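The residues making up each chain are set out below.
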Amino acid sequence: MRLEISTAPHIRTGDTSKKMIGDVIIALLPLCFMAFYYYGGRSSLIILQCILASWVTDRLLSLLRPRKFIKADFSSVVTGMIVALMMPASVPYWLPISCCIFAIAVVKHPFGGFGNNPFNPAAAAVALAMVCFPSLMFKFPVPLDRIDFSGEVMVKLVDSSASILKLGGIPALDEVEVLLGKQAGPMGVTNILVITACLIFLLVRKTVSLCTVGPLVGVCALSALLTPRTVAGSGLSSLFFELTSGSLLFCAVFVASDPVTSPNTRIGRVVFGSLAGGFTMLLRQIGAYEEGALFAILLLNSLSGFFDRAVYSLCRQGRAFLVGKGKSRPMKESKPQPEELPPAAPPPASSREADDSLSALKRELSGLSDPLGARLAALDAQEPPKTAVKEEENA
């Protein structure tokens with residue numbers, strides 16, 4: 001038997017890592033087209049640069065390691081696309097390229113490469129850019145404003161809907177425009193309808209688990225209803241703008257559902273998604289930045305293994321409890337039933353002959369033990385033979 005060593009995700013169905021990565025790339029392509037539609041060719045150039053920087057870095061670092069480069073590993077392409085789509089279209093070219101190099105060289109390869117990274121590389125890179133360069137990451141161009149390919153951006157930059165909610169206001173936007181992505185924000189995360197269609201596609205393909213996305217969005221929706229951040233307006237308006245502002249839905253679909261950095265068990269995914277939603281809303285209210293989903297997911301990535309081990313431990317304890325409880329039940333008393341013995345088989349012929357010879361020998365030995373007088377008396381008492389009587393008469 002040949003044993004093959006492979007990395008996560010370990011899937012027991014016909015799905016493969018190549019198929020799952022391909023599905024994610026297909027789901028990200030519509031968002032790339034929408035970024036080109038709203039912001040022009042500059043957004044496409046940023047996306048291509050990020051993909052190229054991620055793939056080249058991954059290839060070079062693979063040559064430095066004794067392990068061979070996996071030709072079917074397109075996870076670096078997914079990393080580059082996610083980093084680019086979470087950037088403003090006005091960002092300088094060097095920043096997304098630096099983020100992609102950081103994601104592959106620092107977050108992915110030092111932990112073992114493909115399938116071994118404890119944190120999502122794209123999320124870690126974008127979160128680092130938000131912390132180090134907030135002035136570049138939290139100012140966005142207005143959709144449909146064409147940006148030149150040159151280094152300097154001459155269009156007007158505005159705050160996002162998430163920033164307005166952070167200040168306690170309500171964005172002055174129509175609901176239809178918000179759903180279509182006509183709001184300021186990262187160039188690939190504002191089109192809610194397209195992200196929802198991508199989610200449905202990934203759910204049908206079983207690439208994304210609803211056990212992670214559902215609890216995350218559900219906890220955020222419940223928090224928006226119970227504790228709205230808006231000064232004026234109802235809970236429904238708070239719910240709508242909380243779910244559609246920023247990169248919440250994008251992170252729930254493409255970052256939190258990463259099979260490498262999320263738990264493997266269903267219960268673990270539910271706990272992971274619920275806590276991610278709770279920490280997202282907590283960071284949005286008390287955090288220093290308008291975005292909280294990325295930081296919440298990165299925090300819980302470090303606890304994914306703990307969730308799985310806790311679930312396995314609880315399952316073993318529950319199974320042992322049920323087995324022990326079943327053994328401790330008193331059994332009903334029952335009357336002893338007589339055992340039916342099988343009929344004795346007749347002894348073989350050889351054993352019967354041995355018994356007959358043994359009994360004859362015993363009789364002969366018992367005769368030898370009689371006194372000599374008894375033996376003579378028995379002989380005298382016998383009648384003489386007839387031949388002898390006839391000889392006497394003739395004489």
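Before any of the text, the structure's been laid out above.
Just so you know, these numbers come straight off a predicted model, no measurement behind them.

Is there a simple way to explain the overall build of the chain in this structure?
In terms of helices and strands, the chain carries 18 helices and 2 strands. Residues counted as buried form 41% of the 395 residues belonging to the chain. Looking at the chain alone, contacts between residues at least 24 apart form 74% of all its contacts between residues at least 6 apart. When the accessible surface of the chain is split by element, carbon and sulfur atoms take 65% of a total near 22,700 Å².

Would you take a moment to explain helix α3 (residues 75-85) for this structure?
Count 3.6 residues to each turn of an α-helix, and residues three or four apart come out pointing the same way. Counting buried residues in α3 gives 11 out of 11 residues, a clear majority hidden from the surface. By the burial criterion, the buried members of α3 are Ser 75, Ser 76, Val 77, Val 78, Thr 79, Gly 80, Met 81, Ile 82, Val 83, Ala 84 and Leu 85. Residues of α3 that are buried sit in contact with α1 (17-39), α2 (41-63), α4 (94-108), α5 (121-132) and α12 (248-254).

I tried to follow the packing of aromatic side chains on my own but got confused; where do I start?
Each aromatic ring pair is summarised here by two numbers: the centre-to-centre distance and the angle between the ring planes. A complete count under the given rule lists 7 aromatic pairs for this structure. Look at Tyr 289 and Phe 295: their rings are 5.9 Å apart centre to centre, the planes differ by 15°, and that puts the pair in the stacked class. Assessed through its relative accessible area of 23%, Phe 295 is described here as partly exposed. Relative to Phe 307, the ring of Phe 306 lies with its centre 6.1 Å away and its plane at 55°, an arrangement referred to as tilted. One aromatic cluster in this structure is built from Phe 138, Tyr 289 and Phe 295. The ring of Tyr 93 carries Arg 42 above its face, with NZ or CZ at 4.5 Å from the centroid.

Would you mind showing me how to read the nonpolar core here?
General note: in soluble globular proteins, nonpolar side chains tend to be found buried as a group. Core analysis: the biggest nonpolar cluster contains 77 residues, and Leu 28, Ile 82, Phe 250 and Phe 254 have the highest contact counts within it. Sort the elements by how many residues they give to this core and α1 lands first, with 10 residues. Ignoring sequence-local partners within four residues, the contact set of Phe 250 consists of Leu 28, Leu 31, Ile 82, Leu 85, Met 86, Gly 188, Val 189, Ile 195 and Val 255.

Just to check I follow, could you spell out the environment of Ala 293 for this structure?
Turning to its location among the elements, Ala 293 is positioned in helix α14 (residues 293-301). Given the relative accessible area of 1%, Ala 293 is considered buried. Separated by 37 residues in sequence, Ala 293 and Ala 256 have C-alpha atoms that sit 9.0 Å apart. Among residues more than four places away in sequence, those in contact with Ala 293 are Leu 248, Cys 251 and Thr 280.

Is there a simple way to think about the pattern of salt bridges in this case?
Two side chains with opposite charge may pair up if their charged atoms get near one another. Per the stated rule, a full pass over the model turns up 5 salt bridges. Put simply, Lys 108 and Asp 58 hold a salt bridge, and the shortest N to O gap is 3.2 Å. Taken together, the residues span a long stretch of sequence, with Lys 108 in helix α4 and Asp 58 in helix α2 at a distance of 50 residues. Look at Lys 108 and you get buried, because its relative accessible area is 4%. Here the residues in one salt-bridge network are Lys 19, Asp 23 and Arg 205, joined through shared partners.

Is there a simple way to explain the side chain of Thr 280 in this structure?
Looking at the secondary structure, you find Thr 280 in helix α13 (residues 266-286). With a relative accessible area of 1%, Thr 280 lands in the buried category. At 2.6 Å, the side chain of Thr 280 and the backbone oxygen of Ala 276 are in polar contact.

What exactly am I supposed to notice about unusual backbone geometry here?
The general pattern is negative phi for most residues beyond glycine and trans for most peptide bonds. In the Ramachandran plot, Leu 144 falls in the positive-phi region, its phi being about 75° despite a non-glycine side chain. With respect to the helices and strands, the residue Leu 144 is situated in the loop between β1 (140-141) and β2 (157-158). Even without being glycine, Lys 206 reaches a positive phi, approximately 60°. One can find Lys 206 in the loop between α9 (192-204) and α10 (210-226). A residue is classified by how much of its surface remains accessible, and Lys 206, at 67% relative accessible area, is exposed.

Got a minute to help me understand a nonpolar patch on the surface in this structure?
Taken together, the side chains of Leu 52, Trp 55, Val 56, Leu 60 and Leu 63 define a hydrophobic patch exposed on the protein surface, amounting to about 490 Å² of accessible area. Turning to its location among the elements, Leu 63 is positioned in helix α2. For Leu 63, a relative accessible area of 57% puts it in the exposed group.

Teacher, can you tell me more about the packing of α1 against α3 here?
Taken N-terminus to C-terminus, the directions of α1 and α3 make an angle of 25°; their axes are 10 Å apart at the nearest point. Relative to α3, the element α1 lies roughly parallel. Helix-helix and strand crossings are classified by hand; for α1 and α3 the assignment is left-handed. Across the interface between the two elements, Ile 21, Val 24, Ile 25, Leu 28, Leu 29, Leu 31 and Cys 32 from α1 touch Ser 75, Val 77, Val 78, Met 81, Ile 82 and Leu 85 from α3. The residue inventory of the contact of α1 with α3, partitioned by class, reads 12 nonpolar, 1 polar and no charged.

I keep staring at the packing of α5 against α14 and nothing clicks. Help me out?
Packed helices, taken two at a time, are described by the angle their axes make and the gap between the axes. For the pair α5 and α14, the least separation of the axes is 10 Å and the interaxial angle reads 130°. As judged from the angle between their axes, α5 and α14 are oblique. Where α5 crosses over α14, the handedness of that crossing is left-handed. Between α5 and α14, the residues in contact are Ala 123, Ala 124, Val 126, Ala 127, Met 130 and Val 131 and Leu 294, Phe 295 and Leu 298, respectively. Tallied by class, residues from the contact of α5 with α14 come to 9 nonpolar, no polar and no charged.

Cut-offs and rules
Residues numbered from 1 in each chain as written. Predicted model: local features only at pLDDT ≥ 70, side-chain atom pairs only at ≥ 80, totals over all residues. Heavy atoms only, no water. Helix = DSSP H or I, 4+ residues; strand = E, 2+ residues; numbered from the N terminus. Buried < 20%, exposed > 50% of the residue type's maximum accessible area, 1.4 Å probe, protein only. Contact = heavy atoms within 4.5 Å. Areas by Shrake-Rupley, 256 points an atom, 1.4 Å probe, with all protein chains shown as cover. Phe/Tyr/Trp six-rings, centres within 6.5 Å; stacked < 30°, edge-to-face > 60°. Lys NZ or Arg CZ within 6 Å of the ring centre and 35° of its normal. Core = buried A, V, L, I, M, F, W, Y, C linked by side-chain atoms within 4.5 Å. Salt bridge = Lys/Arg side-chain N within 4 Å of Asp/Glu carboxyl O. Polar contact = N/O pair within 3.5 Å; in protein donor to acceptor, adjacent residues only side chain to side chain. Patch = residues over 30% accessible without salt bridge, like charges linked within 9 Å, V, L, I, M, F, W, Y side chains within 5 Å. Axes fitted to C-alpha atoms, helices over the stretch in contact; angles between N-to-C directions. Parallel < 35°, antiparallel > 145°, perpendicular 65-115°, else oblique. Left-handed = near helix turned anticlockwise from the far one by under 90°. Nonpolar A, V, L, I, M, F, W, Y, C, P; charged D, E, K, R; others polar.

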